[in-house]
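# Descriptive analysis of the structure
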Amino acid sequence: MIDIELLKRQFFERHGRVPRIFRAPGRVNLIGEHTDYNDGYVLPAAIDKATYIATSPRTDRIVAAQSLSFEGVVTVDLDNADARPRSDWGKYVQGVALVLEARGYRSSGADLLIASDIPLGAGLSSSAALEVSVGLALAAIAGRTIDRLELAKIGQTAEHKYGGVMSGIMDQFVSVHGQAGRALFLDCRSLEWSAIQLPTELSVVICNTKTKHDLAEGEYNKRRAECENAAAFLGKPSLRDVGADDLEYMGSRMPDVLKKRARHVVTENARVLSAVSALKSGDLRKLGELISASHQSLRDDFEVSCPELDTMVAIARRQPGVFGARMMGGGFGGCTINLMLPQEKKEFFSNVSREYNDETSIEPEVYYVTIGNGAEEVDASRQ
Ligand code: GLA
């Protein structure tokens, strides 16, 4: 939990001004992995872990950002639209600042102080939360209210152009639209969405494998290209338009890799729709089965899992009270999501920590997350 009053004081000590504070949350995704950039369905939820930005205006068209998690100052010259993308965390600040400018949100510049309690690079969308919080803060400094969907799209563009990952819209979308206690059922083609209440007898628990394999970014872009090739092979605009029958019919002529990628996306979209029905009817056993099937598909067909994720999922599934477990996010390390009965959480924590450590010699982290609201300005006096 970030202490807002402390962040305000730290900002005041550095800049001699009282800042405004903005926050944007990280996310979990119940189901619908690697479907967003295929125009498919996803079911994410915003979490109580978030990135906070303290900010006040400058007059020299410079955005100067400091983070409590990293050394140094990131400076972005708003008049240098062609600056090369930075290679450190500052690329997200730079990206959002320059994309906002290009979209007409002209600002005089700003000082930013960033604090976050989202574990970095763990698959909880720390980069989307940074993009969205910076976007919200800089738009406010520019004296503008920004449409939430536009804010999400600006974050995604920054991710593509400056982050180097051709991500879908899911992470930024849920960071801006999240609702406490609810998951968002989003159609990534039409961007129509609805919020679905999560039952109180369902706890969302995240297990961090504490591994991140280097191939993550390169493989992500490669998967996206493979999906586009698979859709083209089938003569469809995207894999969203492919049905199980199409795969059956054309599949024998398709290169094996493309067929596997397509099969994951087609079956995952169907699983999201079933998961929404299961949630609405309170069938948590069914929801768990779908989540476990999602892991298998991500591991075998989409090939984005890794031994640590598989081990963590296998351990979680044999614990009492667990409905389902799977890898979450882009893959190749990071976190798993586990849906379980709240009363079993304590035992889950000790068993998983011990068994994962025994099998991998890595000390995992386990987080109980609360499903929270999307990005907003924080009124510190009400904290
Ligand atoms: C990352 C991307 C998302 C999505 C997931 C996989 O989190 O940022 O857009 O593609 O991977 O579902």
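My aim in this report is to walk through the structure given alongside it, one point at a time. Bear in mind the structure is a predicted one, so any value in this text is a computation, not a measurement. Along each chain, numbering runs from 1 in the same order as the chain's sequence is written. In keeping with the model being predicted, local features are shown solely for residues with a pLDDT of at least 70 and side-chain atom pairs are shown and tallied solely at 80 or more, while totals for entire chains, interfaces and linings include all residues. Based on all heavy atoms of the structure, the side-chain values leave hydrogens and waters out of the count.

## As for the overall build of the protein
The helix and strand labels rest on DSSP assignments: H or I over at least four residues marks a helix, E over at least two residues marks a strand, and numbering proceeds from the N terminus. Scanning the protein from N- to C-terminus turns up eleven helices and 13 strands. Taken against the 2.2 N^0.38 rule, which gives 21 Å for 383 residues, the C-alpha radius of gyration of the protein at 21 Å falls within 12% of a compact globule. Partly exposed describes any residue whose relative accessible area lies between the buried limit of under 20% and the exposed limit of over 50%, with all areas from a 1.4 Å probe on protein chains only and scaled to the type maximum. Per-residue burial for the protein yields a buried fraction of 59% across its 383 residues. We call two residues in contact when some of their heavy atoms are within 4.5 Å. Look at the contacts in the protein between residues 6 or more apart in sequence, and 72% of them connect residues 24 or more apart. Only C-alpha atoms enter the radius of gyration, while the globule expectation follows 2.2 Å times N to the 0.38, with N the number of residues.

## Focus: helix α8 (residues 256-280)
With 25 residues, α8 should reach 36 Å at 1.5 Å per residue; the first-to-last C-alpha distance of 36 Å fits that figure. Note on α8: the residue one or two positions beyond its end, Gly282, has a positive phi of about 75°. Expected span of a helix, by definition, is 1.5 Å for each gap between consecutive residues, and there is one gap fewer than residues.

## Some remarks on the nonpolar core
Residues enter a nonpolar core if they are buried and are Ala, Val, Leu, Ile, Met, Phe, Trp, Tyr or Cys, with the set joined through side-chain atoms within 4.5 Å. By size, the foremost hydrophobic cluster in this structure holds 47 residues, and its most contacted members are Val63, Val93, Leu112, Val134, Leu138 and Ile146. Sorting elements by how many residues they give to this core places helix α3 (residues 126-141) first, with nine residues. For Ile146, the residues in contact, after removing those within four places along its chain, are Leu100, Tyr105, Leu136, Ala139, Leu151 and Ile154.

## Structural notes on the sheet that holds strand β10 (residues 322-327)
Taking strand neighbours across the sheet as the criterion, the four strands line up as β10-β11-β9-β12 in an open arrangement whose pairing is antiparallel. Strand pairing shows two members of the sheet lacking a second neighbour, β10 and β12 (365-369), which therefore form its edges. Here the average twist between neighbouring strands, direction ignored, is 20°. Sitting on the sheet, helix α9 (residues 284-300) is in contact with β10 and β11 (333-340), with an inclination near 20° to β10. Here, strands pair whenever DSSP counts at least two bridges between them. To obtain an axis, a line is fitted to C-alpha atoms, over the contacting stretch when the element is a helix, and the angle between two such axes runs from 0 to 180 degrees between their N-to-C directions.

## A short note on the pattern of salt bridges
Counted as salt bridges are all cases of a side-chain nitrogen of Lys or Arg within 4 Å of a carboxyl oxygen of Asp or Glu. A complete count under the given rule lists 28 salt bridges for this structure. A salt bridge links Arg189 to Asp39, with the shortest nitrogen-to-oxygen separation between them at 3.1 Å. Residue Arg189 is located in the loop between β7 (182-187) and β8 (193-197), and its partner Asp39 is located in the loop between β1 (20-29) and β2 (41-42); the two are separated by 150 residues in the primary sequence. Judged by its relative accessible area of 24%, Asp39 is partly exposed.

## Remarks on the pairing of β8
Within a regular beta strand, the side chains point alternately toward one face of the sheet and then the other, so they alternate between its two faces. In this sheet, β8 lies alongside β7 in antiparallel orientation, the contact comprising five bridges. In the strand pairing of β8, Ala183 is matched with Ile196. The loop that links β7 with its antiparallel partner β8 comprises five residues; one of these, Leu191, has a positive phi angle of about 65°.

## A look at the environment of Gly330
Position of Gly330 relative to the elements: it lies in the loop between β10 and β11. The exposure class of Gly330 is partly exposed, given its relative accessible area of 33%. Sequence separation between Gly330 and Gly123 is 207 residues, and the spatial gap between their C-alpha atoms is 6.9 Å. Excluding residues within four positions of it along the chain, Gly330 makes contact with His34, Tyr220 and Val304.

## Some remarks on the site of the ligand
Throughout, near means a residue has at least one heavy atom within 4 Å of the molecule or strand. In the neighbourhood of the ligand, the contacting residues comprise Arg27, Glu33, His34, Asp36, Tyr37, Ser167, Gly168, Met170, Asp171, Tyr220, Gly329 and Gly330. Polar contacts, as counted here, are pairs of nitrogen or oxygen atoms within 3.5 Å of one another; within protein the pair requires one atom able to donate a hydrogen and one able to accept it, and residues that are adjacent in sequence qualify only if both atoms are side-chain atoms. Measuring from an oxygen atom of the ligand, one finds a side-chain N or O atom of Tyr220 at 2.5 Å.

## Notes on unusual backbone geometry
One non-glycine residue with positive phi stands out, namely Arg61, at about 60°. The exposure class assigned to Arg61 is buried, which follows from its relative accessible area of 10%.

## Some details on the packing of α8 against α9
Two numbers describe how α8 lies on α9: the axes approach to 9 Å, and their chain directions differ by 170°. The angle between the axes of α8 and α9 places the two elements in the roughly antiparallel class. In this structure, the crossing between α8 and α9 has a hand that is left-handed. Counting all contacts with α8, which are made through Lys260, His264, Thr267, Glu268, Arg271, Ser274, Ala275, Ala278 and Leu279, the residues of α9 involved are Lys286, Leu287, Leu290, Ala293, Ser294, Ser297, Leu298 and Asp300. Nonpolar residues are Ala, Val, Leu, Ile, Met, Phe, Trp, Tyr, Cys and Pro. Charged residues are Asp, Glu, Lys and Arg, and all others, Gly as well, are polar. Class assignment of the residues belonging to the contact of α8 with α9 gives a composition of seven nonpolar, five polar and five charged. Convention used here: angles under 35 degrees read as roughly parallel, angles over 145 as roughly antiparallel, angles from 65 to 115 as roughly perpendicular, and any remaining angle as oblique. Note on convention: near helix rotated counterclockwise from far helix by under a right angle means a left-handed crossing. Clockwise means right-handed.

## A closer look at the state of the cysteines
Note on terminology: disulfide describes a covalent bond linking the sulfur atoms of two cysteines. Here, a disulfide means two cysteine sulfur atoms that sit within 2.5 Å of each other. If you walk through the whole model with that rule in mind, you get zero disulfides. Here Cys306 stays free of any disulfide, with the sulfur of Cys335 as its closest cysteine sulfur at 11 Å. Judged by its relative accessible area of 6%, Cys306 falls in the buried class. Between Cys335, a cysteine without a disulfide, and Cys207, which holds the nearest cysteine sulfur, the sulfur-to-sulfur distance is 8.1 Å.

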